[in-house]
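# Breakdown of the fold
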Amino acid sequence: MTTETAVDPGTVRRSANVGPRRRGWVFHACMAPLTLLWVAPMVFVLAVAFRSFDDIAARGLGALPASFSLDGFSTALSEGAIGRALANSAVVTVIGVVATLFLASLAAFALSRHAIPFSRTILLTMLAGNLLPPQILLIPVSSITQSLGIYDSLFALIVVQVGFGLGFYTFVLHGFMRSIPNEVLEAAVVDGAGSARIYARIVLPLCRPALAALAALATTWIFNDLIWALTVLRTETKFPITVALLNLQGGFVSNWNVVASGAVLAAIPTAVVFFAFQKHFVSGLLVGANK
Amino acid sequence: MSTTDLSRRRFLAGSAAIGLSGALGGCVGSGGSNDGGGGGGGESAGSSGPLTLQSSAADPQPKAALKAVVDTFDGPETTINTVAVENFRAQLPTYLTSENPPDVLTWYAGSVARDYASEGLLLDVSELWEGDGACAGFSDALRELSTTEDGTQIFVPTHYYWWGVFHRRSAFDQWGIQAPETWDDFLALCETLLGQGITPLTMGTGSTPWMSSGWFDYLNLRINGPEFHLALLSGEHSFDSAEVRAVMDEYAKLIPFIDPNGRSYSWQEAVTPLVQNKAAMYLVGAFFTESVPSDVVDDIDFFRVPIIDDSLPLAEEAPTDGYFAASRTDNPAGAKELMSHLAAPESQEVYVAKAGGAFLPTSTDVDTSGFSPMIQKGITLLEESDQLTQFFNRDSSDELQTTADTALTRFLDQPDQVDDILAQWQQAAEQVFQG
Amino acid sequence: MSSTQVATPETSSHDGRQPVRAGRRWRRVPPLVWVFLLVPLAVELAWVFWPALNSFSLSLTKWNGVGAAEPVGLDNYRRMFDDPIVRTAVTNTVIWIVVFGGLSVLIGLGLAVALNRPRRGVGLYRSAIYLPMVFALAVTGLFWRVLYQPGGTVNSALENIGLDGVARQWLADPDTALYAVLVAAIWRQVGYIMVLYLAGLKGCDPSLEEAAAVDGASAWQRFRYVVFPQLRGVNTVVFAITVIDSLRTFDIVWAMTRGGPYNSSQLLSTYMFEQGFTALNLGYSSALAVVIFVLAIGFIITYLVRATRED
């Protein structure tokens, strides 16, 4: 198995060359329209974002743009305070992602590398917790944050995100850590390294691809969350981008250019994260599962 | 009852303790514990503490108007917190029950406010209604609207508006038509317009399905009278009764005249066909002028929903907006001070002038002589009526409104299913009244 | 502590491919490792399981969020049987899981296979199809509401290609509302599933497929019997993500139809939210949440237990 993987790159290249080149135009004839269809809604929203309100009001939403205006963006940024909301989202997302992955990696390390009794049950229970419909938790979570005195703070949102995300990340990291060859760790044990050092010096660095992939995934989940933010926040200045957008839509109901501009601004950070992480995005996620 | 409450509280408190240790232990190094303490609040002392005004006015003009009013408040420092109305509605119970609630909140007078008051969540503001208090000079109708069963006042009304059939004066002139006097005239007018290729009525029941209750309320008021209407909304009559059936038969006559695209629109989007002269009339509250382009506002006129049975008392919908305060506020004196300021004639004047919608001030001290002719006409309309109602949800509850939305939007699509629709409506309503 | 671990290194070298069993040889679990496990576990217990239990207890009460909760036993569950909207919502939820899960996986897998081999333009296609994923569901809902408007792009496009008859008010028509929302949700999900399968396909052993080709297996046979079995690990991840996303399906329906028109696109999750937050029937809404939970957890557990056992 391992020796076969060693020659993999060569075989891949060969099979690609053997592949039916002349059917290329069929492939493009199918893919190009499909891709256009896929991109069309986004292009349309971009077009709306750059149209002026008067143009939309006079000629309708579906019409081809006849104006170019940045009013939508400037209104979204000033009235909708989209900039502040993006900053809030960034704080919650960065701290949330780091804290969740840190805790999940600790749990995964304990479960995958040690003889914890009932480890599979614990792992599946944690995953099941992540699969709970969030709606079931809304009402109690709101009460809990209040009795802790952290209701209406970004801290509460972070804690909730961390608690709610843990199960899935632990599950994936567990799969990944299990695939780390035992010899690597046992050498360290022979050297007398304790669990903390094994975790920090060996396991964590080896998990970098999985952590990167999960970080990208967690970023989209936390950044795009709406329901938790609605549950634990009530102050306008603390709203993350999704709630701010909803507010913006509530205030600018027929000003589609403003709403579309807000939506475009909200999508930029996740788009950047995705393209930056694209290379090792999902591969890390699958190493554990693929074995 | 109270023991259940206590045990539930303890239940949550226990979970909180675990949560705290878990959460703080978990976020080592993120400096989270400081944040947590800071969010807690409760340390703001006396009547000097800052105030929070939780506002549902998210539309640009009302938002700016409220800000202008609060800017002139010289009491405790006040922060306005604007949350779009749908979320505001959903979160209102959370706001009021929280340990550190917003001090003053925008909302509606009527049964909704009384509900919260009966739970002990609203601050008694009776002193504002006595002596030289800010609301002392308000009308008896407003006083009654702001009073709970036990006779205390919990609401400060600051403005209200009327409902009517709005249209563009220039369009009516252009088409050579006039505001109808009788119900038959109205139906005939719709028929004529339809024949000319003009949509007689616009109505946005897509993302604002509650708009469909406008016609229901009015037809019920005109056919069965305000007494029956209010009794129906408080569960004393059945939605599958012959009286309601008569209302629906009349409503069915309107359906062919209503813009079918309205099913996809919000009330704001439904304004566009009216402005573009594609639709002729719109039964809506006077607040809608905030969505009318400023160069068209002066062209807007309205007429009363025609009388159907003149033996009945003449009723109009006049929803009242204003403020209440949370009983758990840290700063009750400051909250009352702010509410007094919001209710003061000068503040009302500023708000009404800037909010964009055609709002009427509740204070009799506001000089209304400078208001536009349309607003003057609105004041006259309400003065001429025998009784004022609020609106479906404000006269009942948001929950009953949901049943009406379902029944009426389905009715607009399938008028021939009326019996089935009313039976289901009644079933859903019973569920609501059983609570 | 380390002495017990050192005692067994020579046996573990030849079963290095089964690290879990090898790990058991570390018999005693150091206290620090327990801390490693228990801290995250405590956070999840406090913020997920404890609130969930609270919801279970709330589901046996009548409560409007204010004042005291009144215990009513199983009344809330009994009420569901008479509630026609629950029936619609259950049907729609099942449709949602099957169509959303099924189509996004099928299309995603199909595109992954089509775009697996490197050739000109593939990168562009992949990026374009993935891009919708970066939008929040609520934002996606906003986009598509605009597209579906009566004068919006979808209808204009249909008219331009001569299909005027098909044009309709997609979100206001009870026959199409749910599917209109589904299209938007799938549009966003497909790219994501595709990227997962692309990564999975990269991990497949091409020599096996070539050997099968030499043996005369058709393209379909090679995929079905050679490639697909190698994707089992990916399938688990795809399944977990699909289920998580299906259960999180709330934002997009809420943003597009709010369950309307007249409840025709109501899912259990949106109906639960409406009952809880608009009508303030927190007891009834908690009971609905419990039903969602039971439905979901049932088949998730079945699947995951099977999947992990096969490992």
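Moving on to the interface of chain A and chain C. Counting residues at the interface gives 93 residues for chain A and 98 residues for chain C. In terms of residue count, the dominant contributor to the side of chain A that touches chain C is helix α3 (residues 24-50) of chain A (eleven residues). When the residues that make up the side of chain A that touches chain C are grouped by side-chain class, the tally is 61 nonpolar, 25 polar and seven charged.

Here we come to the domain arrangement of chain B. Residues and elements named next belong to chain B. Partitioning chain B into structural domains gives domain 1 (49-161 + 319-365) and domain 2 (163-317 + 375-434). Taken together, the contact pairs 18 residues of domain 1 with 17 residues of domain 2. Mapped by element, the contributors of at least two residues to the side of domain 1 that touches domain 2 are α3 (60-71) and α5 (111-118). Looking at the side of domain 1 that touches domain 2 residue by residue, the class counts come to ten nonpolar, six polar and two charged.

All names here are of chain A. In the predicted model, chain A carries a mean pLDDT of 81, and 87% of its residues have values of at least 70. Mean pLDDT values for the elements of chain A range from 36 in helix α1 (residues 2-6) up to 94 in helix α6 (residues 82-113). pLDDT under 50 marks residues 1-19. Its contacts with residues more than four places away, or in other chains, come to ten contacts.

Moving on to the pairing of strand β2 (residues 78-82) of chain B. All names here are of chain B. Here strand β1 (residues 51-55) pairs with β2 via five bridges, running parallel. Looking at β2, one finds that Ser 55 is bridged to Thr 82. In terms of handedness, the path from β1 via α3 over to β2 forms a crossover that is right-handed.

Moving on, we come to the sheet that holds strand β4 (residues 156-160) of chain B. All names here are of chain B. Sheet architecture is open: six strands sit in the order β2-β1-β3-β10-β4-β11, paired in mixed fashion. For this open sheet the edge positions go to β2 and β11 (360-361), each flanked by a neighbour on one side alone. With five bridges connecting them, strand β3 (residues 104-108) and strand β10 (residues 320-325) associate as antiparallel partners. Each residue of the ladder has a partner; that of Tyr 108, found in β10, is Asp 321. Of the strands in this sheet, β1 and β2 touch α3, which is tilted by about 170 degrees from β2.

This next bit is on the sheet that holds strand β8 (residues 300-303) of chain B. Strand pairs in the sheet, formed through backbone hydrogen bonds, run parallel or antiparallel to each other. Residue and element names in this part refer to chain B. Across the sheet, which stays open at both edges, the four strands sit in the order β6-β7-β5-β8 with mixed pairing between neighbours. Each having just a single partner strand, β6 (199-201) and β8 make up the two edges of the open sheet. Strand-to-strand twist in this sheet, taken as the mean axis angle between neighbours without regard to direction, amounts to 30 degrees. Both strand β5 (residues 163-168) and β8 contribute to a ladder of four bridges, which runs antiparallel. Paired with Phe 166 across the bridge in β8 is Phe 302.

Core analysis: the biggest nonpolar cluster contains 305 residues, and A:Ala263, B:Ala113, B:Met339 and C:Met194 have the highest contact counts within it. Summarising the domain contributions, this core has at least three residues from each of domain 1 (49-161 + 319-365) and domain 2 (163-317 + 375-434) of chain B. Once you skip the residues sitting within four places of it in the chain, B:Ala113 turns out to touch B:Trp107, B:Tyr108, B:Leu122, B:Ile154, B:Phe155 and B:Phe324.

Residues and elements named next belong to chain C. A positive phi angle is found at Tyr 262, which is not glycine, with a value near 30 degrees. Tracing the backbone through its elements, the reader meets Tyr 262 in the loop between α14 (251-256) and α15 (268-278). Take Tyr 262: there are 24 C-beta atoms within 10 Å of it, and that puts it in the buried class. The residue Asn 263 is not glycine, and still its phi comes out positive at about 65 degrees.

Cut-offs applied
- Residues numbered from 1 in each chain as written.
- Chains lettered and ligands numbered in written order.
- Predicted model: local features only at pLDDT ≥ 70, side-chain atom pairs only at ≥ 80, totals over all residues.
- Contact = placed C-beta atoms within 7 Å.
- Helix = DSSP H or I, 4+ residues; strand = E, 2+ residues; numbered from the N terminus.
- Nonpolar A, V, L, I, M, F, W, Y, C, P; charged D, E, K, R; others polar.
- Domains from an automatic or database assignment.
- pLDDT = per-residue confidence, 0-100.
- Pairing = 2+ DSSP bridges.
- Right-handed = clockwise from strand over helix to strand, strands pointing away.
- Axes fitted to C-alpha atoms, helices over the stretch in contact; angles between N-to-C directions.
- Core = buried A, V, L, I, M, F, W, Y, C linked by C-beta atoms within 7 Å.
- Buried ≥ 20, exposed ≤ 12 C-beta atoms within 10 Å, placed from the backbone.

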